[in-house]
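One letter stands for each residue in the lines below.
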Amino acid sequence: MKKLARNMLTLAGVAAGLAYAGSAMADDKVLLLGVQCDRTGATQIVGTVLCPAMQDYFRLVNSKGGIDGWTVKGDEIDNGYKVPEAIEAYERQKQMGALIMTLYGTPQTVALNQRLEQDKMPTTSPGFGISAAADGTRFPYLFPGAATYWSQAAGAVSFAKDQLGGDLKGKKIAYVYYDNPAGKEPMPILETLQKQEGFDMRTFAVPPPGVELGAQIIDITQRYHPDFIIMHLFGRSPSVAIKGLKGAGFPLKKVLGLVWASAEADIIAAGGWATAEGYNTLQFAGAGDDYPVRAEIKAMYKKDGKDPPKEMDDTVVYNRGLLQAAIQVQGLTNALKISGGQKPTTEQVKAGMEQIKDFTLGGLVPPLQITATDHEGGGWVQIFGVHDGKFAKETEWFHAYRDVVENAVKTAE
Amino acid sequence: MFHRESGVFKTSYAADMALYPLPIARWAVAVVAALFIVVVPLFCSDYPISILNLILIAVVGALGLNILVGYTGQISIGTGAFMSVGAYTAANLVTRVGAPFWVALPAGGLMAALVGAVVGIPSLRIKGIYLAIATLAAQLIIEWTINHVQWISGGVQASVQIPRPSVFGVQLTSERQIYCFLMFFVVLALVATLNLVRSRIGRAFIAIRDQDIAAEIIGINIFKYKLYAFAISSFFAGVTGVLESYYLGIANYEQFQIDVSIDYLAMVIIGGLGSVLGSVLGAIFVTLLPIATRLFLESFGGIFFSSANLLNVIPNLRLVIFGGLIIFFLVVEPEGLNRLWRNIRNYFRVWPFSY
């Protein structure tokens with residue numbers, strides 16, 4: 001009986017929690033943003049930095065008086081990179097009255113995609129999800145808000161072209177990718193550009209988890225002898241690849257990592273900044289510490305008598321979190337103008353998102369111009385190279401081969 | 001107290017074989033059914049129904065896996081892959097030939113059954129943990145195939161969009177409508193499983209589980225019935241995959257990876273091997289517990305942690321509590337939630353007396 005009573009107690013506790021959570025809601029003058037995150041799952045290395053950055057930005061906005069007197073609140077739910085939990089999180093935040101949401105993870109984004117239109121719920125998916133979502137007419141409520149894999153591929157080829165003397169004809173480019181849908185996503189663009197620019201390309205699939213690349217490194221450096229390497233790897237594998245290429249004597253300044261192969265953690269895991277000297281990374285948010293918004297956040301912490309959080313040591317993923325939050329706040333600001341100071345509807349937030357332009361946050365955010373048809377905002381990327389222990393700007397914000405990318409977006413199924 | 005067996009006399013074979021011989025049990029089942037079929041869709045809002053939808057999908061999959069693991073004693077870590085076979089079969093049928101759900105759903109199940117039967121062939125020679133590894137291989141092979149064969153996966157994204165099903169010309173769009181749609185198949189699966197396990201086939205499964213050599217000696221064709229078990233179980237898994245794809249509106253292979261297989265295995269083990277009710281309880285437990293623990297922590301976590309830390313603490317502590325509760329329930333009752341429920345029922349059967 002004792003056993004039984006104990007079990008009952010546990011159940012009662014859970015039930016009480018459920019009931020309590022349901023009642024503690026609703027506040028006027030608050031704009032609710034739903035944030036999904038992954039702090040415990042497969043991509044926690046990103047989530048544990050990205051999501052605190054978003055919260056920091058929301059706090060910064062509130063410390064400066066909010067948006068026209070409205071407080072922003074980012075309700076965060078951890079989905080653990082799982083689809084059922086992402087659906088539960090979405091439905092909960094919808095019920096709580098979220099005006100805009102951050103989706104987290106490619107499978108989660110595609111799984112929720114059909115609901116967005118039905119619920120008229122604007123969402124951003126930072127660097128995840130489908131490149132075709134750049135088309136605002138087909139995916140009206142999904143805002144990639146950052147360069148998609150297709151724009152990244154176009155930017156990468158353009159950078160390679162500059163590095164190889166302005167002409168790719170007859171040059172050899174190796175594309176090293178993680179063998180999953182996200183890894184294969186840039187391929188249609190690369191294949192089109194291969195025909196257009198007349199270079200030779202060979203693809204090298206890295207089976208997950210990609211921690212053993214010895215054979216591929218030899219294959220790439222000894223057999224294929226590429227002039228340039230584009231690397232689209234995730235998790236632990238970028239660092240293994242950097243280390244391997246360095247060991248094989250391949251010049252790292254002829255290597256470019258796409259967005260998920262380009263954080264501080266990858267450089268450090270590859271053996272440190274000295275090892276990775278020259279390695280190029282492609283970014284959709286500015287990397288480094290030299291942005292006023294980062295200084296403001298540090299000042300905000302200092303005012304509370306605290307040190308800046310350790311997440312701020314990361315300047316790549318953290319800045320992406322800032323970009324993500326900043327775009328949403330900007331969208332809400334525009335929405336408040338549309339609604340005339342009233343609490344905006346989700347449709348008005350969507351319209352607000354589609355008016356974002358001339359908003360760069362001191363260079364951290366690219367010169368986005370989000371419109372009703374282009375939800376990507378132009379596909380801007382910037383290349384940062386590893387120089388003297390930090391990421392240094394190689395190029396300004398640029399976008400390349402827009403016709404190719406736009407055509408692919410238009411004809412995508 | 002509640003379970004009064006006295007005065008219930010069985011006068012026919014039909015009465016003896018009834019699923020619920022006691023009137024009180026029949027009433028209880030009727031009340032539960034009415035609650036979930038009538039009351040819930042009428043009075044619940046979208047959010048609880050969306051959780052119930054996730055549970056309903058999990059119930060079908062857990063039932064199927066329990067037929068294989070619980071009733072036949074053949075372990076499988078390939079459920080996720082069989083689900084993906086069903087999902088992609090249905091997705092391709094829907095998008096290429098415009099098949100309605102009543103074609104796509106059984107077709108997905110049958111294709112999964114076929115693949116499952118092939119995967120089950122090694123079960124004649126290998127047992128236990130070795131068979132687990134063979135099914136693990138199947139999981140990885142199927143994942144790889146779907147990822148690389150674009151004819152199946154429909155492009156480098158490996159995801160195929162499926163429109164929501166139409167019933168009698170009405171497209172099901174709201175959570176409520178999908179709930180009723182899913183509920184129909186859950187009831188079907190429950191009734192089918194309850195009847196399967198007391199049929200000739202089900203008894204053969206149980207005989208194989210308990211002692212396969214003895215089963216062979218009394219004339220059960222082990223090979224045939226093991227393959228039946230794999231096929232039936234995979235059929236359920238395939239249907240689960242189709243239902244999930246319909247619910248989400250997309251078939252995406254990343255939704256059916258190895259962690260999904262392990263989740264389903266956890267459901268049948270926690271719920272109770274070899275019981276229908278156990279599968280249901282397990283599916284509820286594994287789906288609901290993470291949600292419940294998070295809500296609980298969000299409500300009361302503020303007492304113990306500062307709000308700045310809370311966002312980081314909740315997801316991690318949730319995993320700890322989730323794992324801890326699984327261990328707790330299994331230590332309290334190693335035979336699963338189903339046995340726990342039976343203990344409670346038996347206690348109240350003679351209450352207030354001790355026997």
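Residues numbered from 1 in each chain as written. Chains lettered and ligands numbered in written order. Predicted model: local features only at pLDDT ≥ 70, side-chain atom pairs only at ≥ 80, totals over all residues.

## Looking at the overall build of chain A
Here is step 1 of the chain: Regarding its fold elements, chain A presents 14 helices and 12 strands.
Here is step 2 of the chain: Against the 2.2 N^0.38 benchmark of 22 Å for 413 residues, chain A shows a C-alpha radius of gyration of 22 Å, consistent with a compact globule.
Here is step 3 of the chain: In terms of principal-axis extent, the alpha carbons of chain A reach across some 70 × 60 × 45 Å.
Here is step 4 of the chain: In chain A, 71% of the contacts between residues at least 6 apart in sequence involve partners at least 24 apart. (Helix = DSSP H or I, 4+ residues; strand = E, 2+ residues; numbered from the N terminus. Rg over C-alpha atoms; globule rule 2.2 N^0.38 Å. Contact = placed C-beta atoms within 7 Å.)

## Re the packing of helix H3 (residues 46–71) of chain B against helix H8 (residues 175–196) of chain B
Residue and element names in this part refer to chain B.
Here is step 1 of the chain: Look at H3 against H8: their axes get within 9 Å of each other, and the N-to-C directions meet at 25°. The orientation of H3 relative to H8 falls into the category roughly parallel. Remark: the crossing between H3 and H8 carries left-handed chirality. Taking contact as the criterion, the partners of Asp46, Ile49, Ser50, Leu52, Asn53, Leu56, Ile57, Val59, Val60, Leu63 and Ile67 in H3 are, on H8, Glu175, Arg176, Ile178, Tyr179, Leu182, Met183, Phe185, Val186, Ala189, Leu190, Thr193 and Leu196.
Here is step 2 of the chain: Along the lines of polarity and charge, the residues of the contact of H3 with H8 split into 17 nonpolar, three polar and three charged. (Axes fitted to C-alpha atoms, helices over the stretch in contact; angles between N-to-C directions. Parallel < 35°, antiparallel > 145°, perpendicular 65-115°, else oblique. Left-handed = near helix turned anticlockwise from the far one by under 90°. Nonpolar A, V, L, I, M, F, W, Y, C, P; charged D, E, K, R; others polar.)

## Examining the sheet that holds strand E11 (residues 382–387) of chain A
All names here are of chain A.
Here is step 1 of the chain: With respect to topology, seven strands assemble into an open sheet ordered E7-E6-E8-E9-E10-E11-E12, the strand pairing being mixed. Looking at strand neighbours, the two that pair on one side only are strand E7 (200–206) and strand E12 (390–393), the edges of this open sheet. Geometrically, the sheet is characterised by an average inter-axis angle of 25° between neighbouring strands, direction not taken into account.
Here is step 2 of the chain: As judged from the three bridges shared by strand E8 (residues 228–232) and strand E9 (residues 255–257), these two strands associate in the parallel manner. Bridging across to E9, Ile229 finds its partner in Val255. (Pairing = 2+ DSSP bridges.)

## Some remarks on helix H5 (residues 149–163) of chain A
Residues lying three or four places apart along an α-helix face the same way, a consequence of the helix completing one turn every 3.6 residues.
Here is step 1 of the chain: In a regular helix each residue adds 1.5 Å, so 15 residues correspond to 21 Å; H5(A) covers 21 Å between its end C-alpha atoms and thus fits that length.
Here is step 2 of the chain: Positive backbone phi, at 85°, marks Gly165(A), one or two positions downstream of H5(A). (Expected span 1.5 Å × (residues − 1).)

## Observations concerning the environment of Lys390(A)
Residue and element names in this part refer to chain A.
Here is step 1 of the chain: With respect to the helices and strands, the residue Lys390 is situated in strand E12.
Here is step 2 of the chain: A count of 16 C-beta atoms within 10 Å places Lys390 in the partly exposed class.
Here is step 3 of the chain: C-alpha of Lys390 to C-alpha of Glu264: the two residues are 126 residues apart in sequence and 8.6 Å apart in space. (Buried ≥ 20, exposed ≤ 12 C-beta atoms within 10 Å, placed from the backbone.)

## Quick look at the interface of chain B and chain A
One frequent convention defines the size of an interface as the accessible area lost when the parts assemble.
Here is step 1 of the chain: The interface is formed by 37 residues belonging to chain B together with 37 residues belonging to chain A.
Here is step 2 of the chain: Looking at the side of chain B that touches chain A, the elements with two or more residues in it are H3, strand E4 (250–252), helix H13 (276–304), helix H14 (307–332) and helix H15 (337–350) of chain B.
Here is step 3 of the chain: Considering every element that reaches the side of chain B that touches chain A, the biggest residue donor is H13(B), with nine residues.
Here is step 4 of the chain: Grouping the amino acids of the side of chain B that touches chain A by side-chain chemistry returns 20 nonpolar, 14 polar and three charged.

## Comments concerning the sheet that holds strand E3 (residues 100–102) of chain A
Here is step 1 of the chain: The five strands are arranged E2-E1-E3-E4-E5 (chain A) in an open sheet whose pairing can be described as parallel. Edge positions in the open sheet fall to strand E2 (71–78) and strand E5 (142–143) of chain A, since each of these has one partner strand only.

## Details of the nonpolar core
Nonpolar side chains tend to gather and get buried jointly when the protein is soluble and globular.
Here is step 1 of the chain: Ranked by size, the top nonpolar core spans 232 residues in total, and within it Val176(A), Met231(A) and Val59(B) carry the most contacts.
Here is step 2 of the chain: Ignoring any residue separated from it by four or fewer positions in sequence, one finds Val176(A) in contact with Phe204(A), Val206(A), Gln216(A), Ile220(A), Ile229(A), Met231(A), Leu233(A) and Ala241(A). (Core = buried A, V, L, I, M, F, W, Y, C linked by C-beta atoms within 7 Å.)

## Quick word on the domain arrangement of chain A
Residues and elements named next belong to chain A.
Here is step 1 of the chain: By the assigned domains, chain A splits into domain 1 (27–147 + 286–378) and domain 2 (149–283 + 399–411).
Here is step 2 of the chain: Between domain 1 and domain 2, the C-alpha centre-to-centre distance is 28 Å.
Here is step 3 of the chain: Between domain 1 and domain 2, the contact holds 16 residues from the first and 16 residues from the second.
Here is step 4 of the chain: Of the residues belonging to the side of domain 1 that touches domain 2, the class tally is seven nonpolar, six polar and three charged. (Domains from an automatic or database assignment.)

## Side note on the pairing of E8(A)
All names here are of chain A.
Here is step 1 of the chain: Of all five residues in E8, five are buried, a share of seventy percent or more.
Here is step 2 of the chain: Here E8 shows no split at all, with Phe228, Ile230 and His232 on one side and Ile229 and Met231 on the other all buried.
Here is step 3 of the chain: Examined bridge by bridge, strand E6 (residues 172–178) and E8 share five bridges and lie parallel to one another. Following the sheet pairing, Ile173 is matched in E8 by Phe228.
Here is step 4 of the chain: Tracing the backbone out of E8, into helix H9 (residues 237–247) and back to the parallel element E9 gives a crossover that is right-handed. (Right-handed = clockwise from strand over helix to strand, strands pointing away.)

## Structural notes on H13(B)
Here is step 1 of the chain: Taking 1.5 Å of rise per residue, 29 residues should cover 42 Å, and H13(B) covers 40 Å from first to last C-alpha, within 8% of that figure.
Here is step 2 of the chain: By the largest-angle criterion, Glu298(B) marks the main kink of H13(B), which is about 45°. (Bend = angle between axes of the 7 residues up to and from the residue.)

## As for unusual backbone geometry
Peptide bonds are, in most cases, trans, and in most cases residues other than glycine have a negative phi.
All names here are of chain A.
Here is step 1 of the chain: Here Pro208 and Pro209 are connected by a cis peptide whose omega angle stands at 0°.
Here is step 2 of the chain: Take Pro209: it is sitting in the loop between E7 and helix H8 (214–224).
Here is step 3 of the chain: A positive phi angle, close to 50°, is found at Lys120, a residue other than glycine.
Here is step 4 of the chain: Tracing the chain through its elements places Lys120 in the loop between helix H4 (106–119) and strand E4 (123–124).
Here is step 5 of the chain: Residues other than glycine seldom take positive phi values, yet Tyr401 does so here, at roughly 50°.
Here is step 6 of the chain: Looking at the secondary structure, you find Tyr401 in the loop between E12 and helix H14 (402–411).
Here is step 7 of the chain: Assessed through the 23 C-beta atoms surrounding it within 10 Å, Tyr401 is described here as buried.

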